[in-house]
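Coordinate analysis (summary)
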Amino acid sequence: MEPLREVSGRAIPFGRKNVDTDVIIPAKWLKTITRDGLGRGAFESLREDPANLFDSPEYTGSPILIAGDNFGCGSSREHAAWALLDLGIKAVIAPSFSDIFSSNAFKNGILTVVLPQDAIDRLMTVARTDPIAIDLEQQSVTTPFQDRFRFEIDAFRKHCLLDGLDEVGLTLSRDSAITTYEKHAAAAMPWLAQTA
Amino acid sequence: MASRPRTLYEKIWDAHVVERRDDGTCLIYIDRHLVHEVTSPQAFEALRLAGRKVRRPDLTLAVPDHNLPTTARRDAAGRRMPIADAQSAQQLEALERNAPEFGIRLIGDADAEQGIVHVVGPEQGFSLPGATIVCGDSHTASHGGLGALAFGIGTSEVEHVLATQTLLLAQSKTMEVRVEGRLGPGVSAKDVVLHIGGVLSASGGTGFVVEYTGSAIRALSIEGRLTVSNMAIEHGARAGLIAPDDKTFAYVKGRPYAPAGSDWDRAVAWWRSLATDPGAAYDKIVLIDAADIVPSVTWGTSPEDVVPITGTVPAPEDFADPSKQDAARKSLEYMGLTAGQKLTDIEIQNVFIGSCTNSRIEDLRAAAAVLKGKVKASNVTWAIVVPGSGLVKHQAEAEGLDRIFTAAGFEWREPGCSACLGMNPDKVPPGERCASTSNRNFVGRQGPGSRTHLVSPATAAASAIAGKLADIRALD
Ligand code: SF4
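Source: prediction; values computed, not measured. (Residues numbered from 1 in each chain as written. Chains lettered and ligands numbered in written order. Predicted model: local features only at pLDDT ≥ 70, side-chain atom pairs only at ≥ 80, totals over all residues. Heavy atoms only, no water.)

1. What to know about the overall build of chain B
For chain B, the helix and strand inventory stands at 15 helices and 19 strands. At 22 Å, chain B has a C-alpha radius of gyration in line with the 23 Å of a compact globule built from 476 residues. Each principal axis of the C-alpha distribution contributes one length, and for chain B these read about 60 × 60 × 45 Å. Scored against the burial criterion, the 476 residues of chain B give a buried share of 63%. For chain B, long-range pairs separated by at least 24 residues make up 76% of all intrachain contacts whose partners lie at least 6 apart in sequence. (Helix = DSSP H or I, 4+ residues; strand = E, 2+ residues; numbered from the N terminus. Rg over C-alpha atoms; globule rule 2.2 N^0.38 Å. Buried < 20%, exposed > 50% of the residue type's maximum accessible area, 1.4 Å probe, protein only. Contact = heavy atoms within 4.5 Å.)

2. Some thoughts on the interface of chain B and chain A
Listed as interface residues are 53 residues of chain B and, on the opposing side, 38 residues of chain A. In total, chain B and chain A occlude about 3,700 Å² of area from one another, counting both sides; carbon and sulfur atoms represent 52% of this. Counting across the interface, chain B meets chain A through seven salt bridges. Measuring nitrogen to oxygen at the nearest pair gives 2.9 Å for the salt bridge that ties B:Arg55 to A:Glu182. Scanning the region where chain B abuts chain A turns up 27 residue pairs in polar contact (both at pLDDT 80 or more). Sorting the residues of the side of chain B that touches chain A by element identifies strand E1 (17-20), strand E2 (26-29), helix H2 (41-50), helix H3 (86-101), helix H5 (155-164), strand E8 (166-169) and helix H10 (261-273) of chain B as the ones contributing at least two each. (Buried area = accessible area lost by both parts, 1.4 Å probe. Salt bridge = Lys/Arg side-chain N within 4 Å of Asp/Glu carboxyl O. Polar contact = N/O pair within 3.5 Å; in protein donor to acceptor, adjacent residues only side chain to side chain.)

3. Points about the domain arrangement of chain B
Residues and elements named next belong to chain B. Along its sequence, chain B is organised into domain 1 (8-169), domain 2 (173-243 + 270-292) and domain 3 (296-474). Its C-alpha centre places domain 2 at a distance of 23 Å from the equivalent point of domain 3. Each partner contributes residues to the interface: domain 2 has 20 residues there, and domain 3 has 25 residues. Taken together, both faces of the contact between domain 2 and domain 3 bury some 1,600 Å²; the carbon and sulfur share is 51%. Looking at the side of domain 2 facing domain 3, the largest losses of area belong to Lys190, Leu194 and Glu223, adding up to 33% of the total buried there. (Domains from an automatic or database assignment.)

4. Describing the packing of helix H12 (residues 361-371) of chain B against helix H15 (residues 457-466) of chain B
To characterise two packed helices, one gives the angle between the axes of the helices and the distance between these axes. Residue and element names in this part refer to chain B. One can describe the packing of H12 onto H15 by two numbers: an axis separation of 8 Å at closest approach and a directional angle of 30°. In terms of orientation, H12 and H15 fall into the roughly parallel class. When you trace H12 past H15, the crossing you get is right-handed. On H15, the residues touching Asp363, Ala366, Ala367, Val370 and Leu371 of H12 are Pro457, Ala458, Ala461, Ala462 and Ile465. Of the residues contributing to the contact of H12 with H15, the split by class is nine nonpolar, no polar and one charged. (Axes fitted to C-alpha atoms, helices over the stretch in contact; angles between N-to-C directions. Parallel < 35°, antiparallel > 145°, perpendicular 65-115°, else oblique. Left-handed = near helix turned anticlockwise from the far one by under 90°. Nonpolar A, V, L, I, M, F, W, Y, C, P; charged D, E, K, R; others polar.)

5. So, the side chain of B:Asp426
Residue and element names in this part refer to chain B. Its place among the elements puts Asp426 in the loop between strand E17 (411-412) and strand E18 (433-436). Under the relative-accessibility criterion, Asp426 is labelled buried at 5%. Side-chain polar atoms of Asp426 contact the side chain of Thr70, separated by 2.5 Å. Setting aside its immediate chain neighbours within four residues, Asp426 contacts Thr70, Trp382, Ile384, Arg413, Ser418 and Ala419.

6. Digging into the side chain of B:Thr164
Among the structural elements, B:Thr164 can be located in helix H5. One polar contact links the side chain of B:Thr164 to the main-chain carbonyl oxygen of B:His160, over a distance of 2.7 Å. Of note is the side chain of B:Thr164, whose polar atom sits 2.8 Å from the side chain of B:Thr166. Excluding its chain neighbours within four sequence positions, the residues that come into contact with B:Thr164 are A:Val168, A:Thr171, A:Leu172, A:Ile178 and B:Arg55.

7. Side note on the environment of A:Lys158
All names here are of chain A. The topology assignment puts Lys158 in helix H5 (residues 155-162). By relative accessible area, Lys158 is classed as buried at 16%. On a C-alpha basis, the gap between Lys158 and Gln139 in space is 9.1 Å, while along the polypeptide they are 19 residues apart. In contact with Lys158, other than residues within four places in its own chain, are Leu136, Glu137, Gln139 and Ile153.

8. Some points on the pairing of strand E16 (residues 382-385) of chain B
Residue and element names in this part refer to chain B. Across the two faces of E16 the burial is the same, with Trp382 and Ile384 and Ala383 and Val385 all buried. Where E16 lies against E17, two bridges are found, and the strand directions are parallel. Within E17, the position partnered with Ile384 by the bridge is Glu411. (Pairing = 2+ DSSP bridges.)

9. Quick notes on H5(B)
All names here are of chain B. In terms of residue burial, H5 counts as a mostly covered element, since ten of its ten residues are buried. Every buried residue of H5 is accounted for by Thr155, Ser156, Glu157, Val158, Glu159, His160, Val161, Leu162, Ala163 and Thr164. Once H5 finishes, Gln165 follows within two positions and takes phi at roughly 60°, a positive value.

10. A short note on the layout of surface pockets
Residues and elements named next belong to chain B. Looking at the second largest pocket, its volume works out to about 280 Å³. Forming the walls of the second largest pocket are 19 residues, and the residues nearest its centre are Val187, Ser188, Ala189, Glu362 and Ala366. Elements represented by at least two residues in the lining of the second largest pocket include exactly helix H6 (189-200), helix H8 (222-230), H12 and H15. By residue class, the composition of the lining of the second largest pocket is eight nonpolar, seven polar and four charged. Split by domain, the lining of the second largest pocket shows at least three residues from each of two domains, domain 2 (173-243 + 270-292) and domain 3 (296-474). (1 Å grid on protein atoms, 1.4 Å probe; cavity = no way out; pocket = protein on both sides within 12 Å on 5 of 7 lines; lining within 4 Å. Points joined across faces, edges and corners; volume = space filled by probe spheres on them.)

11. Quick look at the pattern of salt bridges
Taken as a whole, this structure holds 38 salt bridges over all chains when the rule is applied. B:Glu19 is the partner of A:Arg174 in a salt bridge, and the nearest nitrogen-oxygen pair spans 2.3 Å. In this pair, A:Arg174 sits in the loop between helix H6 (167-172) and helix H7 (175-188) while B:Glu19 sits in strand E1, so the two residues belong to two different chains. The exposure class of B:Glu19 is buried, given its relative accessible area of 18%. B:Asp245 is the partner of B:Arg218 in a salt bridge, and the nearest nitrogen-oxygen pair spans 3.4 Å. Note that B:Arg218 is positioned in helix H7 (residues 215-218) and B:Asp245 in the loop between strand E11 (239-241) and helix H9 (246-252), a separation of 27 residues in sequence. Looking at B:Arg218, the relative accessible area reads 31%, which means it is partly exposed. For B:Asp245, a relative accessible area of 17% corresponds to the buried category.

Structure below.
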């Protein structure tokens, strides 16, 4: 994964509460075989409205999404994270996220930022006219108007995102431990170490 | 290692720890990885993009099952017949490309061993007691019936296992569900697990690995144990487990991937040592009297909506919890049922005998025993039997079961997931009712608007004859 230190640019002032993964990517998109191209199905039902934010020239390609409480609830489909990535979104800011969504987002290199509702309200206002910036190292969200909101993040996740370590890459770096286990298992439980 | 008494789950866990981290999570080694066509394409794609290989292709087995049609798949010349749904075809082709590219064995649609991945694993001896087994599918819990620690994973985890043969996991809590006593006549493993699901609720097992114990569980055949463990996920549990015993060893012995020779004796000795130690503590214990279990059926849209076949459809007011009352109201409306209706008065139009819960040879024998010499009711317009694997199908045909089914008005199909979730063309029409031996009665599960009643194979067969949900014990 690409290291993620800063995300800055226009943010989509979406703001909606309880957005479930069915809204993020409807079930009919689950029969695909790639992670790419799901951006077309992202927020499909909302985008039927010609005035929707996602397709307005002002916000197309925005790397940040600002949402309401409980973003990503419902089904555990990882396609929701893939759809956001395909739209170009690298960070989502909300007052809260569903656990599974935030874990799926993290596994795919998307930063989820939790801020209190009043900070979200302020960012929503700024996002309508100006860019905002997220600094992961500093754990802060700033605007061109001296706003500065600090956020908390799990140290392990921060480390992985900053260094562009995906979980697979991280575990691969433990290769020698895995090999040691395999050697021990091959001796102790040879019938598990192979399939006849 | 200290001699603290441990549960079956803890013993399997401890034997698979590669590394323990400071925060208590462990890197756990995975012994067996089953792959099917729906949840694997993006995992293979990610490996390809990152230039990574599969660490242990020899511990991985690919089997297509969800999308395959259950009607004839090859013409007389052995050529594949086209699959109508382009996206189904694409998922199947992706697996057929990915498996050889990454050096993974594939049991394809033309192979005699093909079937539902959770039927194939145990049948091939690929799934073994004491092993850690994963698959990108929630009903991986099935393999726990052999005493394996088996659970479903998401696509990123599929990728993680392919690349590293490990998973980073937090240990679950343990629950013992002890069923003591003798099951009454006509009561099967499916009725046991439906009953347990009703007692625990659909979320009662969340955060737990459930070990099923007690004399009634011990008395079940391995096939019955697989049925019980299959539905652990329907109580929200991470996995189900049943301690391996002599029946398990007899079942595993001689299967294609099972250990042999001196390995066999060492394996059996280890498997015997896995049983929960006397005095080991579970985080929670649930006791069930086998005498309380009768043939069971679901009335609603959650597997916890279980009632005895002798009972009536409940009213929303019967539930104390207001959110459950609301869910019951919605379920009744979706299911087209009225509170107080007798279960045995509910007419059905479809019968599905199949799925990883109930498509093994014993299940087909149980259904055929009921159907022998009988014909389905005329209001039952669609009745199909979908064997869990090509080997089950072959065995059933050798025993003449297929002829009993077809004489009774059932269609005899090729193996696969089929109407369990209707990803292939087998669907229950909107608004119609189905007595189904599968494991989920969710809204739209068997096709948009479909109404599912989960039952045992014998109940499904009896219901086909009656044209209504039927009590197998009342049949003459
Ligand atoms: S038979 Fe049903 S529950 Fe089992 S793996 Fe197939 S779709 Fe899933």
